[in-house]
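Fold and contact review
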Amino acid sequence: MSEKSGRIVSSSGGVIVGEARVPGDKSVTHRALILGALGGGDSRVSGWLRSGDTMATLGCVRALGVEVDDDGAGALVVRGRGLHGLREAASALNCVHAGTAMRLLAGVMAGQGFPSTLDGSSQLRARPMRRVTGPLRDMGAIVSDADGRAPLAFRPSRLGGIEHRMDVASAQVKSAILLAGLYAEGQSVVVEPGPSRDCTERMLRRMGADLRSETGRVTLVPGQPLAPFDIAVPGDPSSAAFLLAAAALTSGTVRVAGIDASPTRSGFLDILAAMGARIRVSPTAGDSGAGDCCDVGLSSGVLHGVEVGGTLVVRSIDEFPALMVLATQAEGVTEVKEASELRVKETDRIAVMASELRKLGAVIEERPDGFLVRGPQRLRGAVVDGHDDHRVAMSLALAGLVADGETVVGDAACADDSFPGFVQTLASLGARIARLADA
Ligand code: S3P
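Residues numbered from 1 in each chain as written. Predicted model: local features only at pLDDT ≥ 70, side-chain atom pairs only at ≥ 80, totals over all residues. Heavy atoms only, no water.

1. What to know about the pairing of strand β17 (residues 293–299)
The buried fraction of β17 amounts to 6 of the 7 residues, a majority that puts the element mostly inside the structure. With 6 bridges joining them, strand β15 (residues 253–260) and β17 adopt antiparallel strand pairing. Each bridged residue has a counterpart across the sheet, and for V254 the counterpart in β17 is L298. Where strand β16 (residues 278–283) meets β17, 6 bridges bridge the pair, whose relative direction is antiparallel. When the bridges of β17 are listed, I279 appears paired with L298. (Buried < 20%, exposed > 50% of the residue type's maximum accessible area, 1.4 Å probe, protein only. Helix = DSSP H or I, 4+ residues; strand = E, 2+ residues; numbered from the N terminus. Pairing = 2+ DSSP bridges.)

Structure follows, in structure tokens:
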């Protein structure tokens, strides 16, 4: 367990009712910091997510010589130094737990005229990095790694364009290639088998990059300077997912305002609707510059099992721990296929969620690329472990909302990696949930 392990306690009996907001989108915040650093002037980022993961990116960007200030009203001002203005950091860049920080920064560091090292926590050091170092090496990057894992040490090199076909759709890999492509000679093309989130493309285009997207294919032609931007980060749909799932589990009604519900991020809404929840999506005015801002309402019906596979997987990739909990309460079979990526997230989310939910009495069939659950199942409160994985810890706390007795989730301070205020927000909507100080 980490030093700040933190515990969340939850129990059944509350019904989720009301309206809420969630903190800013994690993916967009990482990108606003990194792309802002490469812009030719001051970018303003309002509604940014202040979380464990994004603070890691902020630290890296500052270590590269970029000033980032608060504008006094809570927005960040990233004083971009242009594509060639970063400075060599005094020590390794610490991405802590943030896979997005490491993979996106890998693309940037590959193109720099100075050496750099990307490193992180033992959890991050265990995650596969060949998916980015492979294509970056194909572009000419000189990078050493520890058997395909961090630390990643870059030396200056000349980059050329590439056409890279991803085996598995990944926004992190796509973004790393596009960022390196800004420094390459010739165009870079990324072909992806499914619609991974497109916030990097939206933001690069807005900054003036020559970038074209067709279905399954993104082309970047380097050579344009990047203009600074002013962005209002939308609420994170992956955080909103926990509130929507909590309402679905407790037969409640909730409205989450101002989240990104663009097609690459709205897979979980489609899954909830297929399970029988009534979902209403209403676009809000204005262009966030990174996603399609919407208010999303859910009123629950009887939940049914659902089959999930294909392109729906990448459109809801971070929501499967919560779906596994929903599946235990849905009538019939829920089956998830083609989702082996879940095994290489912060933890192996199939194995970890299955083993922790079993402690609550759930019966989960694990598959190499997914899981099968027959519901509804009666859960009993127990002590479970969040494994220092934010989405696992929050999902287990949701399970506690429908389990008999009390559920205590240990090693759950990591909820702050993506959703600071998770416990308070759910409690304000009527959930029986609290954060416990460590004994
Ligand atoms: C992210 C992309 C996804 C997602 C992660 C954030 C991003 O990872 O799981 O939480 O910001 O690009 P992959 O690109 O590896 O699927």
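Anyway, onward from the coordinates.
2. A look at the pattern of salt bridges
Considering all chains together, one arrives at 35 salt bridges under this definition. The shortest N-O distance in the salt bridge between E185 and R158 comes to 2.7 Å. Taken together, the residues span a long stretch of sequence, with E185 in the loop between α6 (171–181) and β11 (188–191) and R158 in the loop between β9 (149–155) and β10 (163–165) at a distance of 27 residues. Among the residues examined, E185 registers a relative accessible area of 57% and is labelled exposed. For R158, a relative accessible area of 68% puts it in the exposed group. Between R367 and E365 there is a salt bridge, with its nearest N and O atoms 3.0 Å apart. Look at R367 and you get partly exposed, because its relative accessible area is 24%. According to the relative accessible area criterion, E365 is partly exposed, its value standing at 35%. (Salt bridge = Lys/Arg side-chain N within 4 Å of Asp/Glu carboxyl O.)

3. Quick notes on the site of the ligand
By nearness alone, every residue bordering the ligand is listed as S27, R31, T100, R103, S170, A171, Q172, R197, I317, D318 and K345. Between an oxygen atom of the ligand and a main-chain N or O atom of A171, the distance comes to 2.9 Å. Interatomic distance of 2.6 Å between a side-chain N/O atom of D318 and an oxygen atom of the ligand. The set of elements that each furnish at least two residues to the shell around the ligand consists of α1 (26–38), α3 (99–110) and α6. Grouping the constituent residues of the shell around the ligand by class yields 2 nonpolar, 4 polar and 5 charged. (Near = heavy atom within 4 Å. Polar contact = N/O pair within 3.5 Å; in protein donor to acceptor, adjacent residues only side chain to side chain. Nonpolar A, V, L, I, M, F, W, Y, C, P; charged D, E, K, R; others polar.)

4. Comments concerning the side chain of E341
Counting through the fold element by element, E341 comes out in the loop between β19 (332–336) and α12 (349–359). Taking relative accessible area as the criterion, E341 reaches 15% and is therefore assigned buried.

5. Details of the domain arrangement of the chain
One frequently used descriptor of interface size is the decrease in accessible area upon assembly of the parts. Under the domain assignment, the chain is made up of domain 1 (3–24 + 234–436) and domain 2 (26–232). Between domain 1 and domain 2, the C-alpha centre-to-centre distance is 28 Å. Across the boundary between the two partners, domain 1 contributes 33 residues, which contact 28 residues of domain 2. Between domain 1 and domain 2 the total buried area reaches about 2400 Å² when both faces are included, carbon and sulfur atoms providing 48% of it. Counting the contacts that link domain 1 with domain 2 gives 4 salt bridges. A salt bridge links D292 to R202; the nearest nitrogen and oxygen atoms lie 2.9 Å apart. Connecting domain 1 to domain 2 are 11 residue pairs in polar contact (both at pLDDT 80 or more). Those elements that provide at least two residues to the side of domain 1 that touches domain 2 are α10 (311–315) and α13 (390–400). (Domains from an automatic or database assignment. Contact = heavy atoms within 4.5 Å. Buried area = accessible area lost by both parts, 1.4 Å probe.)

6. Here's the deal with the packing of aromatic side chains
Counting across every chain of the model gives 2 aromatic pairs. Seen in terms of ring centroids, F419 and F422 are 5.6 Å apart; in terms of plane orientation they differ by 70°. Their pairing is edge-to-face. Take F419 and F422: they sit in the same class, and that class is buried. Within the aromatic cluster, the residues linked to one another by ring pairs are F242, F419 and F422. (Phe/Tyr/Trp six-rings, centres within 6.5 Å; stacked < 30°, edge-to-face > 60°.)

7. As for helix α7 (residues 199–206)
Here α7 has its buried residues at C199, T200, E201, M203 and L204. Those residues of α7 that are buried lie in contact with α1, α6, β12 (210–214), β13 (217–221) and β14 (230–232). Following α7 by one or two positions, G208 adopts a phi angle in the positive range, close to 100°.

8. Some details on the sheet that holds strand β23 (residues 406–410)
One open sheet holds the 4 strands; their spatial order is β22-β23-β1-β24, and the pairing between them is mixed. The sheet is open, and its two borders are formed by β22 (383–385) and β24 (432–436), each paired with just one other strand. In this sheet, adjacent strand axes meet at a mean angle of 20° when their direction is disregarded. Here strand β1 (residues 7–11) pairs with β24 via 5 bridges, running antiparallel. Residue pairing across strands places S10 opposite I433, the latter belonging to β24. (Axes fitted to C-alpha atoms, helices over the stretch in contact; angles between N-to-C directions.)

9. Here's the deal with the sheet that holds β15
Here we have 4 strands laid out as an open sheet, ordered β2-β15-β17-β16, and mixed in their pairing. For this open sheet the edge positions go to β2 (17–21) and β16, each flanked by a neighbour on one side alone. Here the strands of the sheet are splayed against their neighbours by 15° on average, with no regard to which way each runs. Here β2 pairs with β15 via 5 bridges, running parallel. Opposite V17, over in β15, you have T253 as the bridge partner. On top of the sheet, helix α8 (residues 237–249) reaches β2, β15 and β17; it is set at about 170° to β15, its chief contact. Across the face of the sheet, helix α9 (residues 267–274) comes into contact with β16 and β17 while running at roughly 145° to β16.

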